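# Fold and geometry: a report
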Amino acid sequence: MSVPRKEAMSEPARTPDGPIEADGIRSYYGRPILKEPVWKVPDVPSYLFLGGLAGASASMASVAELTGHRELVRVGRLAAAGGALASVGALIHDLGRPARFLNMLRVFKPTSPLSVGSWILAPFSGLTSASAGAQLTGVLPAAGRLAGGAAGLLGPAMCTYTAVLLSDTAVPSWHEAYPELPFLFGGSALNSAAGAALVGARPCATRPAIRMGLLGSGLELAASSRMERRLGVVGEPYQRGRAGALLTAARALTVAGAVLSVIGRRSRAASAIAGVAYLAAGACTRFGVFRAGVNSARDPRYVVAPQRDRLRGRGGG
Amino acid sequence: MSSVYRLSGLLADPAGEAGYRDDHPERVGFFTDTSVCIGCKACEVACKEWNLVPEQGLDLLGQSYDNTGALGADSWRHVAFIEQRVPDPSVTSSGTDLGMPGIGAPEQPAAAEEGSGMRWLMSSDVCKHCTHAACLDVCPTGSLFRTEFGTVVVQEDICNGCGYCIPACPYGVIGQREGDGRAWKCTLCYDRLGDGLEPACAKACPTDSIQFGDLDELRERADRRLAELHQDGVGEARLYGRDPDDGVGGDGAFFLLLDEPEVYGLPPDPVVTTRDLPAMWKHAAAAAASVAATVVLSFLGRRR
Ligand code: SF4
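Remember, it's a predicted structure, so these values are computed and weren't measured experimentally. (Residues numbered from 1 in each chain as written. Chains lettered and ligands numbered in written order. Predicted model: local features only at pLDDT ≥ 70, side-chain atom pairs only at ≥ 80, totals over all residues. Heavy atoms only, no water.)

## A word on the pattern of salt bridges
What counts, and what does not: Just to be clear on terms, a salt bridge is a Lys or Arg side-chain nitrogen sitting within 4 Å of an Asp or Glu carboxyl oxygen. The secondary structure listing takes helices from DSSP runs of H or I that are at least 4 residues long and strands from runs of E that are at least 2 residues long, numbered from the N terminus. Between buried and exposed lies partly exposed: a residue is buried under 20% and exposed over 50% of the maximum accessible area for its type, with that area taken using a 1.4 Å probe on protein chains only.
By the definition in use, this model includes 30 salt bridges over all chains. Across the salt bridge formed by Arg 230 of chain A and Glu 180 of chain A, the nearest N and O atoms sit 2.6 Å from each other. Placement of the pair is Arg 230 of chain A in helix α7 (residues 207-231) and Glu 180 of chain A in the loop between α5 (172-175) and α6 (181-200), with a sequence separation of 50 residues. Taking relative accessible area as the criterion, Arg 230 of chain A reaches 37% and is therefore assigned partly exposed. Glu 180 of chain A gets classed as buried once you look at its relative accessible area, which sits at 3%. Bridged by salt links that share partners, the residues Arg 26 of chain A together with Arg 119, Glu 236, Asp 259 and Glu 260 of chain B form one connected network.

And the structure:
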């Protein structure tokens, strides 16, 4: 054996082309340990955003149906169907083999959030399309109501399963965020749907949507601040660079949308601007979270540091 | 055999868990003893040849002799090269001059302070064929499956290129092939196993750094080798991925390393992401309930 002895190794090696060390973390030439997601931008962040918008819109439409808010039924059904179909489109476009999309429904696998998600998304898009079709054509209104009601029940799952989709990976900033991410996405989906309503309905009809936007914004902001406070080092990617900027923009737009939706509630134009702000906030949230995760996978520090801490905690390293 | 699919923890028989009958073959794997790796890359070449893995063009990475870089869709074995400067063993009190050929001029006492000896670490990395394989768990199409040998294989005629397995793998092993769109990785030469042959890399390895066999036996062999090295004073030798109670339930392909795992580009304490999946769904269900309640709440109260 030509291997030097342990004592000789007490100083970690530091050569220009040897292992790179930053913050006491050793790595293989600074190369990533994980593969970063190959999911395409804008396909996948859009899929996350549109799915949330569609889910909350469907639920809004079905409660509006029960309470007789006709205009919100119309806007909700259209936003739900439009969002769902666009979301499916983005998902298919992202596949390496789009022609094999239907293999998603080949099995039902509870251990795969994408399988579970596909089994939510497929009936959801069918149901929302049927209810939107009935809305637009006036044909079979009862069937449309039924389809809309069923879609409304699936809606909340549409808003939050995408958080599990991201968290169920080795990507440090997504995985560690699993307790808050579904609340962040759920809150954001609520104000996205409120945004669609503010854009598409007359001010006299949007009162419930305004309340929904306010509550959703509260949920979103609370979840995101809790998440960043709790995460420690793997929370950094949510604060840095383009991801940090996107998420800051998302929060600013959320607050702007919320304020404007209240003070401008009698003006069609002001309401529409508030709605657009909400929708833009939802998109920024998904693009920001997506990017933060990719950045955390790229940097071996975010993989090694928490694992080293864990080992130290167990007294093993 | 158990009827509950375990997401993490001890699991003696992953093939049985996947539904194979009790007469399925023994679980097989690799024990890669990096202390005898000479960095010849015969494994990389043999793997490419046997499995018809496409080339990636000529990359000069400037990272020692490593021009492969990492495992991926088109690299199912990857030999890592690490050059470490260490104090010359001949001038340290604890070392013995083994008469090994050195690099550079003979040591001068003044320079020895910094340490001017150097050592190579070479290690042939591969898919770990995890006991609890995240790639397999998250695959939505059932393309990734557990073989009767306990290994993890992609069925390329089913894969639709969703890419979920790629960020799910805690080791960064599996990748998407460019221009093809599907996910590819080591199959532990599933076709050869069926014919009673050992995998191409193990066959080609001239020093037996890559050892193939029944996993139980490999684990015993590795324990013996580790004890031997420790006895010889190689205190930094350690096994990686051997323990069935680690975060992935133990690796089907495990290693003997001479430094910390991260130095070789390996995660020091990987955990299968699906261990936390039940908790994730619980949080998502609570969040979905909050969304539903919020919508209902918003419609209570004044209409305008
Ligand atoms: S090392 Fe990665 S690709 Fe290989 S079985 Fe484990 S999770 Fe799957």
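## Considering the domain arrangement of chain A
All names here are of chain A. We apply this condition: Where each domain begins and ends follows an automated or database-derived domain assignment. The criterion used for residue contact is that any of the two residues' heavy atoms lie within 4.5 Å. When two components associate, each loses some accessible surface as probed by a 1.4 Å sphere; the sum of these losses over both components is called the buried area. Counting of polar contacts relies on pairs of N or O atoms within 3.5 Å, with two restrictions inside protein: one atom must be capable of donating a hydrogen and the other of accepting it, and residues adjacent in sequence are counted only when both atoms are side-chain atoms.
Segmenting chain A into domains produces domain 1 (38-168) and domain 2 (170-317). Of note, the centres of domain 1 and domain 2, computed from C-alpha atoms alone, are 20 Å apart. The interface is formed by 25 residues belonging to domain 1 together with 28 residues belonging to domain 2. Where domain 1 abuts domain 2, roughly 2,200 Å² becomes buried across the two surfaces, and 77% of that area is made up of carbon and sulfur atoms. Here domain 1 and domain 2 share one salt bridge between them. Arg 202 is paired through a salt bridge with Glu 71; the nearest N and O atoms lie 2.5 Å apart. Applying the counting criterion to the domain 1 and domain 2 interface returns four residue pairs in polar contact (both at pLDDT 80 or more). Only α1 (43-67), α2 (70-94) and α4 (141-167) provide two or more residues apiece to the side of domain 1 that touches domain 2.

## Let's talk about the domain arrangement of chain B
Where interface size is quoted, it is often the accessible area lost as the parts come together. Residue and element names in this part refer to chain B. Condition: For this scheme, ten residues count as nonpolar: Ala, Val, Leu, Ile, Met, Phe, Trp, Tyr, Cys and Pro. Four count as charged, namely Asp, Glu, Lys and Arg, and the remainder, Gly too, count as polar.
Segmenting chain B into domains produces domain 1 (2-273) and domain 2 (274-304). Taken together, the contact between domain 1 and domain 2 spans seven residues of the former and six residues of the latter. In terms of surface lost to domain 2, no three residues of domain 1 exceed Leu 7, Val 271 and Thr 273, which account for 71% of the buried area on that side. One can count zero salt bridges joining domain 1 with domain 2. In this structure, the connection of domain 1 to domain 2 is made through five residue pairs in polar contact (both at pLDDT 80 or more). Classifying every residue of the side of domain 1 that touches domain 2 by side-chain character gives four nonpolar, two polar and one charged.

## A word on α1 of chain A
Residue and element names in this part refer to chain A. For the record, the criterion: Here, expected helix span is obtained from the residue count minus one, scaled by 1.5 Å.
Taking 1.5 Å as the rise per residue, α1 with 25 residues should run 36 Å; its terminal C-alpha atoms sit 36 Å apart, in good agreement. A large share of α1 lies buried, amounting to 22 of its 25 residues. Looking one or two places after α1, you find Gly 68, whose phi comes out positive at around 80 degrees.

## Some points on the environment of Ala 258 of chain A
Position of Ala 258 of chain A among the secondary structure elements: in helix α8 (residues 241-263). Excluding residues within four positions of it along the chain, Ala 258 of chain A makes contact with Leu 214, Ser 217 and Tyr 278 of chain A.

## Quick word on the environment of Pro 32 of chain A
All names here are of chain A. Locating Pro 32 in the fold gives a position in the loop between β2 (25-27) and α1. Placed 264 residues apart in sequence, Pro 32 and Ser 296 show a C-alpha to C-alpha distance of 9.4 Å. Ignoring anything within four residues of it in the chain, the contact list for Pro 32 reads Ala 297, Arg 298 and Pro 300.

## Observations regarding the interface of chain B and chain A
Listed per partner, the contact involves 104 residues of chain B and 85 residues of chain A. Summing both partners gives a buried area of about 7,900 Å² for chain B against chain A, and 61% of it is carried by carbon and sulfur. Applying the counting rule to chain B against chain A returns six salt bridges. For the salt bridge of Arg 308 of chain A with Glu 262 of chain B, the shortest nitrogen-to-oxygen distance reads 2.7 Å. Elements represented by at least two residues in the side of chain B that touches chain A include exactly β2 (77-86), α4 (134-138), α5 (165-168), β6 (175-176), α8 (215-231) and α9 (277-299) of chain B. With 18 residues, α9 of chain B is the single largest residue contributor to the side of chain B that touches chain A.

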